[in-house]
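Structural description and commentary
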Amino acid sequence: MRSLNISFTSNLRLIHIMLSKELFKVQRTYINRVETKKTKRPFVHKYEIGDLKTTDIYEFTEDLQKQRTKVTYKGTSSIEDEMNDLTTKSTYTTYNRKYPSFNGKPCEHIAFLKIHKAASSTAQNIFFRYGYTRKLTFVLPKVTKNGYPNVISTITSVKSKNIIPPPINKHYDILCCHVIYNRKAFEAIMPKDTAYIGIVREPSEHIRSIIQYFRPKEIYKRFNSTNPISHFFKNPGSSAKSIYSLVNNRMAFEYNFPRRLFYTKDSDGIKRYLRKLASEFHLVIVVEYFDESVVLMRRILNWSIKDILYVTQNESRKEKKTKLSLEDKRNHREWAILEYALYDFFYKRLWDQIKQEGDDFIEELAFFKSLRKEVTEFCRGPRTKNTNFEIPKSQWSDKFIVNNYDCQLLFKRELSFVMSIRREQYGF
Ligand SMILES: Nc1ncnc2c1ncn2[C@@H]1O[C@H](COP(=O)(O)OS(=O)(=O)O)[C@@H](OP(=O)(O)O)[C@H]1O
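Described below are features of the structure shown in this document.

Cut-offs used in this document
- Residues numbered from 1 in each chain as written.
- Predicted model: local features only at pLDDT ≥ 70, side-chain atom pairs only at ≥ 80, totals over all residues.
- Heavy atoms only, no water.
- Helix = DSSP H or I, 4+ residues; strand = E, 2+ residues; numbered from the N terminus.
- Buried < 20%, exposed > 50% of the residue type's maximum accessible area, 1.4 Å probe, protein only.
- Contact = heavy atoms within 4.5 Å.
- Areas by Shrake-Rupley, 256 points an atom, 1.4 Å probe, with all protein chains shown as cover.
- Polar contact = N/O pair within 3.5 Å; in protein donor to acceptor, adjacent residues only side chain to side chain.
- Phe/Tyr/Trp six-rings, centres within 6.5 Å; stacked < 30°, edge-to-face > 60°.
- Lys NZ or Arg CZ within 6 Å of the ring centre and 35° of its normal.
- Disulfide = S-S within 2.5 Å.
- Salt bridge = Lys/Arg side-chain N within 4 Å of Asp/Glu carboxyl O.
- Near = heavy atom within 4 Å.
- Pairing = 2+ DSSP bridges.
- Axes fitted to C-alpha atoms, helices over the stretch in contact; angles between N-to-C directions.
- Parallel < 35°, antiparallel > 145°, perpendicular 65-115°, else oblique.
- Left-handed = near helix turned anticlockwise from the far one by under 90°.
- Nonpolar A, V, L, I, M, F, W, Y, C, P; charged D, E, K, R; others polar.
- Core = buried A, V, L, I, M, F, W, Y, C linked by side-chain atoms within 4.5 Å.

**Notes on the overall build of the protein chain**
Helix and strand counts for the protein chain stand at 17 helices and nine strands. Each of the 428 residues in the protein chain was classed as buried or not, and the buried ones make up 55%. Sequence-distant contacts in the protein chain: of pairs separated by 6 or more residues, those separated by 24 or more amount to 69%. Here the protein chain has roughly 20600 Å² of accessible surface; of this, 50% comes from carbon and sulfur atoms.

**Concerning the environment of Tyr172**
Locating Tyr172 in the fold gives a position in the loop between helix H4 (120–133) and strand E5 (174–175). Judged by relative accessible area, Tyr172 falls into the buried class, the value being 5%. Measuring from C-alpha to C-alpha, the distance between Tyr172 and Ser245 comes to 31 Å, with 73 residues separating the pair along the chain. Leave out the neighbours within four places in its chain, and Tyr172 touches Thr137, Phe138, Val139, Ile163, Ile164, Pro165, Pro166, Ile189, Met190, Pro191 and Tyr426. Only 2.5 Å separates the side chain of Tyr172 from the backbone oxygen of Ile164, close enough to count as a polar contact.

**Things to note about the packing of aromatic side chains**
The full count for this structure, using the stated rule, is 25 aromatic pairs. Measuring from centroid to centroid gives 4.8 Å for Tyr181 and Phe281, while their planes differ by 50°, and the two rings are tilted. Of this pair, Tyr181 sits in the loop between E5 and helix H5 (183–189) while Phe281 is found in the loop between helix H11 (267–280) and strand E7 (283–286), placing the two residues 100 residues apart along the sequence. Across the pair, exposure class does not vary: Tyr181 and Phe281 are buried alike. One aromatic cluster is present, formed by Tyr181, Phe186, Tyr196, Tyr255 and Phe281 through successive ring pairs. Looking at Lys117, its charged tip hangs above the ring of Tyr213, at a distance of 3.5 Å from the centre. Looking at Lys412, its charged tip hangs above the ring of Phe417, at a distance of 5.6 Å from the centre.

**Considering the state of the cysteines**
Under the defined criterion, the tally for this structure stands at one disulfide. Each disulfide pairs two cysteine sulfurs, and for Cys379 the partner residue is Cys407, the sulfurs being separated by 2.1 Å. Negative torsions about the S-S bond denote left-handed disulfides, and the value of about -70° found for Cys379 with Cys407 makes this one left-handed. Residue Cys379 is located in helix H15 (residues 360–380), and its partner Cys407 is located in helix H16 (residues 404–411); the two are separated by 28 residues in the primary sequence. Cys176 takes part in no disulfide bond, and the closest cysteine sulfur to it belongs to Cys177, at a distance of 5.4 Å. Taking relative accessible area as the criterion, Cys176 reaches 1% and is therefore assigned buried.

**A few points about the pattern of salt bridges**
With the rule as written, the count across this model stands at 21 salt bridges. Here Asp307 and Arg134 are joined by a salt bridge, their closest N and O atoms 3.2 Å apart. Of this pair, Asp307 sits in the loop between helix H12 (290–301) and helix H13 (326–335) while Arg134 is found in the loop between H4 and E5, placing the two residues 173 residues apart along the sequence. A relative accessible area of 12% means that Asp307 is categorised as buried. Shared partners join several salt bridges into a network, and the residues in it are Arg298, Arg299, Glu357, Asp360 and Glu364.

**Examining the site of the ligand**
Residues in close proximity to the ligand total 23 residues, the closest being Ser120, Thr122, Arg208, Ser209 and Ser316. Contacts to the ligand include Ala118, whose backbone N or O atom sits 2.9 Å from an oxygen atom. At 2.8 Å, a side-chain N or O of Thr122 approaches a nitrogen atom of the ligand. The protein chains hide 89% of the 650 Å² of surface that the ligand would expose on its own. Sorting the residues of the shell around the ligand by element identifies H4 and helix H6 (203–214) as the ones contributing at least two each.

**Side note on the pairing of E7**
A two-sided burial pattern is seen for E7, the buried positions comprising Leu283 and Ile285 on one face and Val284 and Val286 on the other. Pairing analysis gives four bridges linking strand E6 (residues 195–200) to E7, with the strands arranged parallel. Paired with Val200 across the bridge in E7 is Val286.

**A closer look at the packing of H11 against helix H14 (residues 337–357)**
A pair of packed helices is captured by two measures, namely the crossing angle of their axes and the spacing between those axes. Here H11 crosses H14 at 40°, and the two axes come no closer than 11 Å. By the angle between their directions, the pair H11 and H14 is classed as oblique. H11 and H14 meet at a crossing whose hand is right-handed. Taken together, the residues of H14 that come into contact with H11 (itself represented by Ile270, Leu274, Arg275, Leu277 and Ala278) are Ile337, Leu338, Ala341, Leu342, Phe345, Phe346 and Arg349. Looking at side-chain class alone, the contact of H11 with H14 contains 10 nonpolar, no polar and two charged residues.

**Section: the nonpolar core**
In terms of nonpolar packing, the biggest core is built from 98 residues, with Ile110, Phe127, Tyr255, Phe257, Met297, Trp303 and Val402 touching the most fellow members. With residues near it in sequence (within four places) discarded, Ile110 still touches Phe127, Asp173, Ile174, Leu175, Met190, Thr194, Ala195, Ile197, Leu301 and Trp303. Counting residues in each nonpolar core, the second largest holds 14 residues, with Phe223, Phe233, Leu324 and Trp335 among its members.

**Here we look at the side chain of Asn249**
As for its placement among the helices and strands, Asn249 is situated in the loop between helix H8 (228–234) and helix H9 (250–254). Residue classification places Asn249 among the buried positions, given a relative accessible area of 2%. Polar contacts involving the side chain of Asn249 include one to the side chain of Asn248, which spans 2.9 Å. Asn249 has contacts with Phe262, Trp335, Ala336, Ile337, Leu338 and Glu339, leaving out every residue within four places of it along the chain.

Structure (structure tokens):
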């Protein structure tokens, strides 16, 4: 039996936190301060969004008797002055922990906004597994002649004409296929206590992934060069004019930003819409902090650690990915105003939410990262139908097993999953 057993005493905590790649960089600061001053220690969380380097400063106040640590956010400082004018000025609302009441039960009603090329299939697999193994009902597209069985719509929200009605005497539990967000339309079909989950990806990487996957003709034809993406960022021209274009603020389009904002880019209007989204989405996953996001999601939804295990889906080959320069990113930021406002906003909000979780969040994160690695190795490795990977009871979950079937579902691709769900739900 392979097993994981991580215990956390005050000192050991440092070692476990080091398991978290993102936080690894700050450990030296952390350890030094602990040695000199035990009650108050500044903690610097450094992160990079592409090449935009920023430093967040947190202060940890430790109550040694209660073995608890209070984390206070002291502000952000940009360490690249030249990028200052590019970063969105603070528009963030303070997030109040206001999760739906699930009466202490796991949340079974989810609306996940599946944003194209934003690790959304990886996240979707989590929701598919959760609902499929519990026989929950999914919102599925009406399959049209030219449509895809996994896409409800790429231009509009849920409507009675683009989704299959729920089976008799059932209601929808989970929505996680591609569709455009619209609060009213979502509310009309989903239960009242639905948790709304979104996802955002760093905009220049997001559009790069879109361009390299969909290979829009207008870009590849217009810039018949070795680096069409770089040329396109410098000179987007008419390709980025239509609001339906895949390369015009696509994440903002899928989040249903008001149309006029695509033209006016009015900053007050953008802020208002972001605040509206923040009041509607319980969590927006940040792709670059996927583990942090899903651990937080587990807490919000009252799910188990097993529920949030995942393997990366739809990854394109490294050598095929164009490496973007700082100049490329700056050029893109010039005109993709809505994308950066959206990303920066939810990036900041994710960390605001995490701050409210306290010190044990980091411990759970380290545990999860390590567990995920082990489970992925187990599932990739040789195993028989009866081989189980047993995970003993821990601070975050009861004892559980990962078996051959779990591995199959973890690696199951989107289309195959949608087909299985449809057969299960409707018999065809
Ligand atoms: N966990 C995690 N972390 C970071 N990045 C991830 C993750 N999972 C998927 N990906 C990347 O997301 C891209 C695929 O996105 P989608 O699954 O949304 O694509 S699709 O719209 O469903 O076709 C694709 O990006 P590119 O490889 O850059 O094209 C994936 O590599």
